[in-house]
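Structural description and commentary
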Amino acid sequence: MPEPLISSVKVSKRFGELAVLQDVDFAVGAGEAVGVVGPNGAGKTTLLSVLAGTLRPNEGTVRFQAEDVTRLRADRRCRKGIARAYQIPRPFDGMTVLENVLVGATHGAGLRGQAAYQRCIEVLGECALTEVANRRAESLGLLHRKRMELARALATGPSVLLLDEIGGGLTDAEAAELVATIRGLHGSGVAIVWIEHIVHVLVQVVQRLVCMNAGQIIADGAPSDVLQDASVIDAYLGRRVA
Ligand SMILES: Nc1ncnc2c1ncn2[C@@H]1O[C@H](COP(=O)(O)OP(=O)(O)OP(=O)(O)O)[C@@H](O)[C@H]1O
């Protein structure tokens, strides 16, 4: 087996007495798109935080590009190529869309001057934000805010993009537009780990689905197989999905 791009190896995380992750082995290959589903409180966001470096596991290791990054801070991991976009976009108000994305290019990727600006122009295009580049972030609607959250993460030049329920709150038409954008990003070679409760949206992008329950991975495989897995139906879906 080749070394995965990013992985957790026997990762456990506790909050006080609460065991939120238990011995979780999770691996994503370069350029792969993996969806993560599971009931509320299953530990999905915690796993993403452990991969991104905003949470330190109690046991186990996180590896990225064949390096043990368990003790590396989130900003250092970002420089190496691990970027994260949040469910609730966190724009810098008072700044334009372009300026927000520039923060990702300068602080996240360490680019300066023309190189940073050029990266932003490319990313704004990839995220269909060119037309609103000079608008203030706080004036944007939800879909554009989500796109900007993506663009800021993308401007850091990631090899893997960690997405946490980025489809939440969108209409079906808006979600379809976001799917098209994320498919484009994946097509350009960025690996994607996407937590999402809207399963029919998720499976339009990912080739592999992981289901978590009570801090453990209970299924991992092709989306069609995982969605028919009896333990996944029991723990999460409640019924078979077509
Ligand atoms: N900082 C924290 N301190 C204490 N408990 C926490 C903390 N963060 C998460 N938890 C608890 O850990 C458990 C797992 O939370 P997590 O957010 O990882 O679940 P999730 O699968 O992402 O759920 P959801 O689908 O609702 O977002 C929950 O019981 C949650 O309340």
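To be clear, the structure that these remarks concern was listed above.
This report concerns the structure included in the present document. None of these values were measured; they are calculated from a predicted model.

Concerning the sheet that holds strand 2 (residues 18–28)
- With antiparallel pairing, four strands are arranged side by side in an open sheet as 2-1-4-5. Each edge of the open sheet carries a strand with a single partner, namely strand 2 and strand 5 (67–68).
- Here strand 1 (residues 6–15) runs beside strand 2; their pairing, made up of seven bridges, is antiparallel. Bridge pairing in strand 2 links Arg14 to Ala19.

Details of helix 3 (residues 97–108)
- In a regular helix each residue adds 1.5 Å, so twelve residues correspond to 16 Å; helix 3 covers 16 Å between its end C-alpha atoms and thus fits that length.
- Buried within helix 3 we find Val97, Leu98, Asn100, Val101, Leu102, Gly104, Ala105 and Gly108.
- With its phi angle positive at about 75°, Gly110 sits one or two positions after the end of helix 3.

Re the sheet that holds strand 9 (residues 208–213)
- Judged by pairing direction, the sheet is mixed, and its six strands sit side by side in the order 6-7-8-3-9-10 without closing on themselves. Of all strands in the sheet, those with a lone pairing partner are strand 6 (82–85) and strand 10 (216–221), marking the two edges. Strand-to-strand twist in this sheet, taken as the mean axis angle between neighbours without regard to direction, amounts to 20°.
- Strand direction decides the pairing type here: strand 6 and strand 7 (residues 160–164), joined by four bridges, are parallel. Bridge assignment links Arg84 to a residue of strand 7, and that residue is Leu162.
- On top of the sheet, helix 9 (residues 230–237) reaches strand 3 (33–37), strand 9 and strand 10; it is set at about 125° to strand 10, its chief contact.

A look at unusual backbone geometry
- One non-glycine residue, Gln65, lies in the positive phi region at around 45°.
- Mapped onto the fold, Gln65 is located in the loop between strand 4 (59–64) and strand 5.
- The phi dihedral of Ala214 is positive, around 50°, even though this residue is not glycine.
- Among the secondary structure elements, Ala214 is positioned in the loop between strand 9 and strand 10.

Some points on the site of the ligand
- In the vicinity of the ligand, the residues found are Phe15, Leu18, Val20, Gly38, Asn40, Gly41, Ala42, Gly43, Lys44, Thr45 and Thr46.
- For the shell around the ligand, the secondary-structure elements that each account for two or more residues are strand 2 and helix 1 (44–52).
- Looking at the shell around the ligand element by element, the count peaks at three residues for helix 1.
- When grouped by side-chain class, the residues that make up the shell around the ligand number four nonpolar, six polar and one charged.

Comments concerning the environment of Ser224
- Its location among the elements puts Ser224 in helix 8 (residues 223–226).
- Since 11 C-beta atoms lie within 10 Å of it, Ser224 is described here as exposed.
- Sequence spacing of Ser224 and Thr130 is 94 residues, and the spatial spacing of their C-alpha atoms is 36 Å.

Some points on the pairing of strand 4
- Relative to strand 4, strand 1 is paired through five bridges, and the arrangement is antiparallel. Opposite Ser12, over in strand 4, you have Glu59 as the bridge partner.
- Counting the residues between successive antiparallel strands, the hairpin from strand 4 to strand 5 contains two residues, one of them, Gln65, with a positive phi of roughly 45°.

The rules behind each value
Within any chain, residue numbers begin from 1 and follow the written order of that chain's sequence. It should be noted that, the model being predicted, local features are given only for residues of pLDDT at least 70 and side-chain atom pairs only at 80 or more, the latter also being counted only at that level, while totals for whole chains, interfaces and linings use all residues. Being paired, for any two strands, means DSSP has found at least two bridges between them. Helix and strand labels come from DSSP, where a helix needs a run of H or I of at least four residues and a strand needs a run of E of at least two; each type is numbered from the N terminus. Under the convention used throughout, the expected extent of a helix is 1.5 Å for every residue step, that is, one less than its residue count. Whether a residue is buried, exposed or partly exposed follows from its count of other C-beta atoms within 10 Å of its own C-beta, namely 20 or more, 12 or fewer, or something in between, respectively; the C-beta atoms are built from the backbone. Lines fitted to C-alpha atoms define the axes here, with helix axes fitted over just the stretch in contact, and angles between the N-to-C directions of these axes take values from 0 to 180 degrees. Placing a C-beta atom from the backbone of each residue, one calls two residues in contact when those atoms lie within 7 Å. Being near a molecule or strand means, for a residue, that its backbone-placed C-beta atom lies within 6 Å of it. Note that Gly is not counted as nonpolar here; it falls among the polar residues with everything else outside the nonpolar set of Ala, Val, Leu, Ile, Met, Phe, Trp, Tyr, Cys and Pro and the charged set of Asp, Glu, Lys and Arg.

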